[in-house]
Amino acid sequence: AMLGTLRRLAVSQRQAVRCMSTLPAKRARDSWTFMSEIVGNTALAGKGKLISAGEILKLMDLAAVCSAIVHVGHGRLNTLAFDRMDFFAPLYHGDHVHIDSRVAHVGKTSVCVHCMGRKKDILSR
């Protein structure tokens, strides 16, 4: 595992009440999604240049909001906070990053999404 974080997405209370009353209950595993991408600038691939954490946060944000949209049923969500992010290995331009996300908890006006990512250096393997 490369990185992990918990994200909280906020839903307005009016939207939450309207949406929760009309949709059937879902299990957290029903909202599992993934995102896979080659990150960074391809011109810098193989040159040992580290990628910024902001690029990975952007990908994790997209993966997490996809899970939340699947679970909630609409796209009117805002990112409230990232609880934690751990890097276990450096990421370089040209690495293949795969991010799994799933809904961990649902409140009346918030959705907590857990993301876990892995990397593969496709240039050396």
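This text goes with the structure placed above it.
Right, let's talk about the overall build of the chain for a bit. If you tally the helices and strands in the chain, you get 2 helices and 6 strands. When the helices and strands of the chain are placed in sequence order, the string is β-α-β-α-β-β-β-β. The buried share of the chain, reckoned over its 125 residues, is 32%. Counting contacts in the chain only where the partners sit at least 6 residues apart, residues at least 24 apart contribute 83% of the total. A total of about 7300 Å² of accessible surface is found on the chain, and carbon and sulfur atoms cover 56% of it.

Mapped onto the secondary structure, Ala 81 falls in strand E3 (residues 78-82). On the basis of relative accessibility, which here comes to 28%, the residue Ala 81 falls in the partly exposed class.

What follows covers the environment of His 105. Tracing the backbone through its elements, the reader meets His 105 in strand E5 (residues 96-106). Separated by 78 residues in sequence, His 105 and Arg 27 have C-alpha atoms that sit 9.9 Å apart. Residue contacts for His 105: discarding those within four places in its chain leaves Ser 110, Val 111 and Cys 112.

Turning our eyes to something else, we now look at the nonpolar core. Formed by 17 residues in total, the largest nonpolar core has its most connected members in Val 39, Ile 56, Val 97, Ile 99, Val 111, Val 113 and Cys 115. Breaking this core down by element, the ones donating at least two residues are helix H2 (53-72), E5 and strand E6 (110-120). Sort the elements by how many residues they give to this core and H2 lands first, with 7 residues.

Calculation rules
Residues numbered from 1 in each chain as written. Predicted model: local features only at pLDDT ≥ 70, side-chain atom pairs only at ≥ 80, totals over all residues. Heavy atoms only, no water. Helix = DSSP H or I, 4+ residues; strand = E, 2+ residues; numbered from the N terminus. Buried < 20%, exposed > 50% of the residue type's maximum accessible area, 1.4 Å probe, protein only. Contact = heavy atoms within 4.5 Å. Areas by Shrake-Rupley, 256 points an atom, 1.4 Å probe, with all protein chains shown as cover. Core = buried A, V, L, I, M, F, W, Y, C linked by side-chain atoms within 4.5 Å.

Treat this as a map of the structure, not an account of what it does.
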